[in-house]
Amino acid sequence: MAQAPDISVHIVAYRSRDTIGRCLEALQAQTVQPGEVLVLENGSPEGERVSAADLPDGVRFVESDTNLGFAAGNNRLVEESSGRWVVFLNPDAFARPDWIEQLQKAIARYPDVALFGSTQYCAERPDRLDGTGDVYHAAGLAYRAGYLRPVSLLPAEGEVFGPCGAAAMVRRDVFEALGGFDERFFCYNEDVDLAFRARLLGHRAVQLRDAAVDHMGYASSGRRSEFATYHGVRNRVWVFLRDMPGWLFPVLALVHLAANMALWGAAARQGQFGLYGRALRDALADWPRIMRERRELQARRTVTPSQFARMMSWNSRALLTREPDIRPMDD
C-alpha cells in the first residue's frame, strides 16, 4: 500500500474510548497510509482510559497520568514524531478513505503553504457541514465556518484565516518555530492562536475541499459545558490582547469589549453569568505576561497591520451565520 512517510498523525484522546476505535479504523482504511500514527491517552478517568491493547498494531501509544490539555498533549506527541508534516486529528473525527492522499496532493499543489485545513462533515447529520476552516472576525471573535450549514453550501478550495485543529496539517518547521501550541490555553482557541501567530509571520493557510473527515464535535467536553465556556472566553481574550497587531489593537479594542459584553449577556441567559465573569477576570489577571509576550511577538511579525486587516472578516452578518470566508489563492 502507498505511504506518505512525511506525514505524522497525532491524536490526543481524553474520555475517547467510544470513538477512538472508529477513528483508527478510518486511518487504517486510507488509500495512502500516513508515515506514523501516535495516540496520547491524556489522563482520562479510570474506566474511560484508552490503553495500548485498544490500538491496532503500528500505532504508537503515549500515556499521561494527568490531563495535559489539547495544546500540551499535541506538543508532546509532536516531540515524539518525525514527519515533516504534523497532522492533528481529534479522536471523534473519522477520516474519509482518501484523506491522507488528498493532504499529500495538497503539499505538492501548494509548495509555499504551511497550514492546511480539512472539510469537516457532521458525523451525526451527513447532510450538514461541521466546519470549513476558522474565520477571525475583526471584533476579536473566531468561529468555525460552515457549522451545521447544508453540504450543498460547501465552498471552493482556497485561502482561509486558519485550519480548525480537529483535522489540520502544519509543516513541522513552522510549528516548531512558533513554539507549538500555547500550553497555557489548555484547550479551545489554541488552533486560532497558532494560525494567528503564523499569519503574522506571513504564512498562508489553505482550506482543502476534498480532504475530508466526519466529525462528531464536543464529544469529550460538551458545547456549552462550564469547561468549554470558561476556556473559550478566557482564551479568546488572550488571543486578541496578545496577537492583534499595531494600530488594529486600539482601534478594535472597544469593539472587542462590546462583543464580550453582548456575549456575557447571552451567557447570563444560559445561567453562566458568574462563570463568564470569572473567565474574563482570569484572562485580564495575566496582563503583565500578555503584554510582555505581545511586545516580543509584534517585534517579530513580518506583515503590516493593514495587510493583516485584509486577512480578517469584517462581515457581521457572516459572523452571526457562520458563513465561510475562503478566498482565491491568486488574491
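Residues numbered from 1 in each chain as written. Predicted model: local features only at pLDDT ≥ 70, side-chain atom pairs only at ≥ 80, totals over all residues. Heavy atoms only, no water.

As a further point, take the packing of aromatic side chains. Tallying each qualifying case throughout the model produces 17 aromatic pairs. Between Trp85 and Phe116 the ring centres are 5.7 Å apart and the planes differ by 55°, which places this aromatic pair in the tilted class. In this pair, Trp85 sits in strand E4 (residues 85-89) while Phe116 sits in strand E6 (residues 115-122), placing the two residues 31 residues apart along the sequence. Take Trp85 and Phe116: they sit in the same class, and that class is buried. Each residue in the set Phe70, Phe88, Phe175 and Phe181 is aromatic and connected to the rest through ring pairs, giving one cluster. Lying over the aromatic face of Phe249, Arg294 brings its terminal NZ or CZ to 4.1 Å of the ring centre. (Phe/Tyr/Trp six-rings, centres within 6.5 Å; stacked < 30°, edge-to-face > 60°. Helix = DSSP H or I, 4+ residues; strand = E, 2+ residues; numbered from the N terminus. Buried < 20%, exposed > 50% of the residue type's maximum accessible area, 1.4 Å probe, protein only. Lys NZ or Arg CZ within 6 Å of the ring centre and 35° of its normal.)

The next point concerns the packing of helix H6 (residues 226-243) against helix H8 (residues 273-285). At a minimum axis separation of 8 Å, H6 and H8 run at an interaxial angle of 35°. Considering only the axes of H6 and H8, their crossing is right-handed. Contacts between H6 and H8 involve Glu226, Thr229, Tyr230, Val233, Arg234, Arg236, Val237, Trp238 and Leu241 on the former and, on the latter, Leu275, Tyr276, Arg278, Ala279, Leu280, Asp282, Ala283 and Leu284. Grouping the amino acids of the contact of H6 with H8 by side-chain chemistry returns eleven nonpolar, one polar and five charged. (Axes fitted to C-alpha atoms, helices over the stretch in contact; angles between N-to-C directions. Left-handed = near helix turned anticlockwise from the far one by under 90°. Contact = heavy atoms within 4.5 Å. Nonpolar A, V, L, I, M, F, W, Y, C, P; charged D, E, K, R; others polar.)

The values are spatial; any link to function lies outside them.
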